[in-house]
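# Examining the three-dimensional arrangement
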Amino acid sequence: EFNGSFYQPSAFLMMGIPGLEALHHWISIPFCVLYLTALLGNCLILFIIKKTQSLHEPMYYFLSMLAVTDLGLALCTLPTTLGIFWFNMRRIGFDACLTQMYFIHILSFIESSVLLAMAFDRFIAISHPLRHPSILTKATVMKIGLAIILRGMVSLLPIPFLLKRLTYCGKTELSHSFCFHPDIMNLACADIKVNVFYGMVILLSTVGTDFIFIVLSYILIIKTVIGLGTREECLKALNTCVSHICAVLVFFIPMIGLSMIHRFGKNVPPLANTLVAYTYLIIPPALNPVIYSIKSSHIREALLRALRRKSG
């Protein structure tokens with residue numbers, strides 16, 4: 001029982017889907033399908049890009065980064081989510097929770113940055129096609145990838161320490177089947193202004209900035225496309241961006257929604273909060289490989305060639 005002195009719980013209790021606990025075994029079926037799609041789909045994307053020499057170019061290097069990030073996100077939440085649905089394993093140690101939270105947030109920030117890099121790639125490819133190979137060389141792509149990882153790791157490094165310094169009130173029940181910074185922070189009975197301020201600054205200066213630059217990239221792309229000669233050329237140029245636009249919408253819409261709910265939606269029903277959280281962390285890793293397999297003719301053709309070789 002909390003007695004007013006410094007208190008840090010040994011563990012937290014995670015939540016499945018509120019009000020539907022009796023149906024968790026049945027609910028686990030679509031979750032298993034989504035996780036399986038995320039794991040197999042992203043591994044397949046990585047395999048095809050590695051084995052197909054014609055796909056060794058910036059657009060597909062960035063797609064590989066997106067696939068690796070999506071694999072990481074799926075693997076971060078899979079054990080705790082399916083553990084609750086299958087075995088009602090709600091307990092997670094305090095340090096384990098902070099570790100899971102750190103990697104979930106890092107991978108989310110990395111995904112945002114990779115989507116920005118992909119927008120930049122599309123802008124250069126459409127606006128300056130002749131200079132594209134010289135601007136985005138293999139070395140430049142590797143430097144961009146390294147910078148993305150370092151930005152995510154360094155910007156989020158203080159978060160676990162800011163949470164460890166807090167006194168908790170004895171409440172240990174989280175809102176999700178995974179650990180999320182605002183969720184843990186709201187269980188504290190200490191002053192959390194520093195956590196709120198730092199979290200907001202980091203979110204706006206990373207994901208917020210990425211989103212603004214993605215929008216600006218597409219404004220410039222549309223401006224360039226309008227200046228193209230024929231309608232067919234315009235449609236062909238825009239068609240190369242459809243997969244990326246879908247990936248941006250699938251990632252940013254639920255992420256913004258979840259951030260708003262945690263900060264301002266105190267009267268939002270718990271079920272709505274839970275569904276938005278699952279949409280944010282599970283749907284993009286499952287949908288991205290499907291979107292790129294359907295919309296990218298190069299990926300689709302390479303996949304069909306691989307299947308023919310297997311059947312032959």
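As annotated in an unreviewed UniProt entry, the chain carries the name Olfactory receptor and is attributed to Atlantisia rogersi. Here is the UniProt Sequence similarities (unreviewed entry) comment for the chain, exactly as written: "Belongs to the G-protein coupled receptor 1 family."

## Thoughts on the packing of aromatic side chains
If you walk through the whole model with that rule in mind, you get 14 aromatic pairs. For the pair Phe 178 and Tyr 278, a centre-to-centre distance of 6.4 Å together with 70° between the ring planes defines the contact as edge-to-face. One end of the pair, Phe 178, is in the loop between helix H6 (158–164) and helix H7 (181–185); the other, Tyr 278, is in helix H11 (residues 270–295), with 100 residues separating them in the sequence. Assigned by exposure class, Phe 178 and Tyr 278 land together as buried. Taken together, a centroid distance of 5.0 Å and an interplanar angle of 85° make the contact between Phe 251 and Phe 252 edge-to-face. Classification of Phe 251 as buried rests on a relative accessible area of 1%. The structure contains a cluster of three or more aromatic residues connected by ring pairs, namely Phe 31, Phe 85, Phe 178, Phe 180, Phe 211, Phe 251, Phe 252, Tyr 278 and Tyr 280.

## Remarks on the UniProt feature "transmembrane region" (unreviewed entry) in the chain
If you check UniProt for "transmembrane region" (unreviewed entry), the listed places come out as residues 23–49, 61–87, 99–120, 141–163, 196–221, 242–263 and 275–294 in our numbering. Along residues 23–49 the backbone is 96% helical and 0% strand, and the end-to-end C-alpha distance reaches 40 Å. Annotation note: span residues 275–294, helix share 100%, strand share 0%, distance between end C-alpha atoms 26 Å.

Reading the values: rules and limits
- Residues numbered from 1 in each chain as written.
- Predicted model: local features only at pLDDT ≥ 70, side-chain atom pairs only at ≥ 80, totals over all residues.
- Heavy atoms only, no water.
- UniProt positions renumbered as here; feature names shortened; annotations may be inferred.
- Phe/Tyr/Trp six-rings, centres within 6.5 Å; stacked < 30°, edge-to-face > 60°.
- Helix = DSSP H or I, 4+ residues; strand = E, 2+ residues; numbered from the N terminus.
- Buried < 20%, exposed > 50% of the residue type's maximum accessible area, 1.4 Å probe, protein only.

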